[in-house]
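So the chains spell out like this:
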Amino acid sequence: MSMTIKEQFFDTVLRSYDHYMIKLPMESYTHIPLQTPDHLIEHPGFVGADNLLQVYRPRVIAPISDISLFEQNLDIDKTGAFQAAFTLGRFDTGLYVPSHLIQFKKSILTATGDFMNFGPPFKEAWCNLVVTQTLTPGGMNVSNDTKIVRETGYIPHIDADARDFMKGKSSNDSRYVASNKISTLFYEQSFDVRPYKDEPAETLGIHLQEQVNPEAITRYPEGHIVNFDIPQVHRGSFPDEDTDRTLIEVTWTTTPFQDWRETSSPELVKAVDLLSMNVK
């Protein structure tokens, strides 16, 4: 049976736009309709090293409404870890959440509702969902065990491509994170990495670590949805004992479309054009 234009669109997005390995089947989706945002503010553009001179403070949005659902085991192939990423859609389409991950619907809608009212132009934004489940080893420390779970995950970092960031070309995405356990640590201070912009991007975390003020580290509450914009500096925290953790990241990315189109695959550009024609 042939696919509709909308089905073709999402099939193309999933193949062209996602950047993680998807483990779950993708044939079943649940549509979440979205409402019009109350107001819109101007797009903040790209960010880079100059932006770290500003002090960023994340916001606690709301508690996870049904935290027991975060405990559900998604590791269907028993490898000990699970990660999946999906492009959920855009304002024009509503969001299409994989039915296998529908237990995160309330958190996704909470994050989306906040972004609609306070974020950049909603009609120009894509929504991405990353779900990660891991057994986080206990007893680690930041000086010796920085690469046990995720490279750069336990030293200060930003959720952006360091190469683009040092060139001032990272999109100022709005990210919402929620985890049932092991809250993220945020650095509520300024950093100056401008003198190192010509160094290899891999050294960014080192220069962030050199400037850390221990009194500026804030641990936000577990079991809550927290919002921050790129380039908020943060890192993972360390449990005393091995701990199963579920983390979701709902990101509204507002990279200006002309720039986005220039770096995207022709298939995805065509899919967006089809969608913009309002073909049903």
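Computed from a prediction, not measured in an experiment: that's the story for all the values here.

Within the chain, the regular secondary structure consists of 6 helices and 13 strands. With 280 residues in all, the chain has 50% of them scored as buried. When contacts within the chain are restricted to residue pairs at least 6 apart in sequence, those whose partners lie at least 24 apart make up 88%. Roughly 14100 Å² of accessible area belongs to the chain as shown, and the carbon and sulfur atoms make up 50% of that amount.

What follows is about helix α2 (residues 105-118). For α2, which comprises 14 residues, the first-to-last C-alpha distance of 20 Å matches the rise-based estimate of 20 Å (1.5 Å per residue) to within 8%. Where α2 is concerned, the buried positions are Ser107, Ile108, Ala111, Thr112, Gly113, Asp114, Phe115 and Met116.

Moving on, we get to the sheet that holds strand β9 (residues 185-187). Taken in spatial order, the 3 strands of this open sheet run β10-β9-β12, and their pairing is antiparallel. Sheet topology places β10 (217-219) and β12 (234-235) at the edges, where each strand pairs with a single neighbour. Examined bridge by bridge, β9 and β12 share 2 bridges and lie antiparallel to one another. Bridge pairing in β12 places Leu185 opposite Arg235.

The next subject is unusual backbone geometry. Trans is the prevailing form of peptide bonds, just as negative phi is the prevailing case for residues other than glycine. Omega for the bond connecting Ile230 with Pro231 falls within 30 degrees of zero, at 15 degrees, which places this linkage in the cis form. Even without being glycine, Ile182 reaches a positive phi, approximately 55 degrees.

Once that is clear, we can look at a negative patch on the surface. There is a patch of like negative charges on the surface, built from Glu71, Asp240, Glu241, Asp242 and Asp244. Inspection of the secondary structure assignment puts Asp242 in the loop between β12 and β13 (243-253). Judged by relative accessible area, which is 52%, Asp242 ranks as exposed.

Another aspect to go through is empty space enclosed by the protein. Tallied over the entire structure, the rule returns 2 cavities of 30 Å³ or more. Taken as a whole, the largest cavity holds about 80 Å³ of empty space. For the lining of the largest cavity, the residue count by class is 7 nonpolar, 4 polar and 1 charged.

The next subject is the packing of aromatic side chains. Overall, the coordinates contain 5 aromatic pairs when judged by the stated rule. Relative to Tyr220, the ring of Phe186 has its centre 5.4 Å away and its plane inclined at 85 degrees; by these criteria the two rings are edge-to-face. Residue Phe186 is located in strand β9, and its partner Tyr220 is located in the loop between β10 and β11 (224-229); the two are separated by 34 residues in the primary sequence. An aromatic cluster is present here, built from Phe186, Tyr220 and Phe228 joined pairwise through their rings.

This part takes up the side chain of Asn227. Locating Asn227 in the fold gives a position in strand β11. A distance of 3.1 Å separates the side chain of Asn227 from the side chain of Ser174, its partner in a polar contact. Those residues within four positions of Asn227 in sequence are excluded, and the remaining contacts are Pro58, Arg59, Ile61, Asp114, Ser174, Arg175 and Tyr176.

Procedures and definitions
- Residues numbered from 1 in each chain as written.
- Predicted model: local features only at pLDDT ≥ 70, side-chain atom pairs only at ≥ 80, totals over all residues.
- Heavy atoms only, no water.
- Helix = DSSP H or I, 4+ residues; strand = E, 2+ residues; numbered from the N terminus.
- Buried < 20%, exposed > 50% of the residue type's maximum accessible area, 1.4 Å probe, protein only.
- Contact = heavy atoms within 4.5 Å.
- Areas by Shrake-Rupley, 256 points an atom, 1.4 Å probe, with all protein chains shown as cover.
- Expected span 1.5 Å × (residues − 1).
- Pairing = 2+ DSSP bridges.
- Patch = residues over 30% accessible without salt bridge, like charges linked within 9 Å, V, L, I, M, F, W, Y side chains within 5 Å.
- Salt bridge = Lys/Arg side-chain N within 4 Å of Asp/Glu carboxyl O.
- Lys, Arg positive; Asp, Glu negative; His and termini not counted.
- Charge placed at Lys NZ, Arg CZ, Asp CG, Glu CD.
- 1 Å grid on protein atoms, 1.4 Å probe; cavity = no way out; pocket = protein on both sides within 12 Å on 5 of 7 lines; lining within 4 Å.
- Points joined across faces, edges and corners; volume = space filled by probe spheres on them.
- Nonpolar A, V, L, I, M, F, W, Y, C, P; charged D, E, K, R; others polar.
- Phe/Tyr/Trp six-rings, centres within 6.5 Å; stacked < 30°, edge-to-face > 60°.
- Polar contact = N/O pair within 3.5 Å; in protein donor to acceptor, adjacent residues only side chain to side chain.

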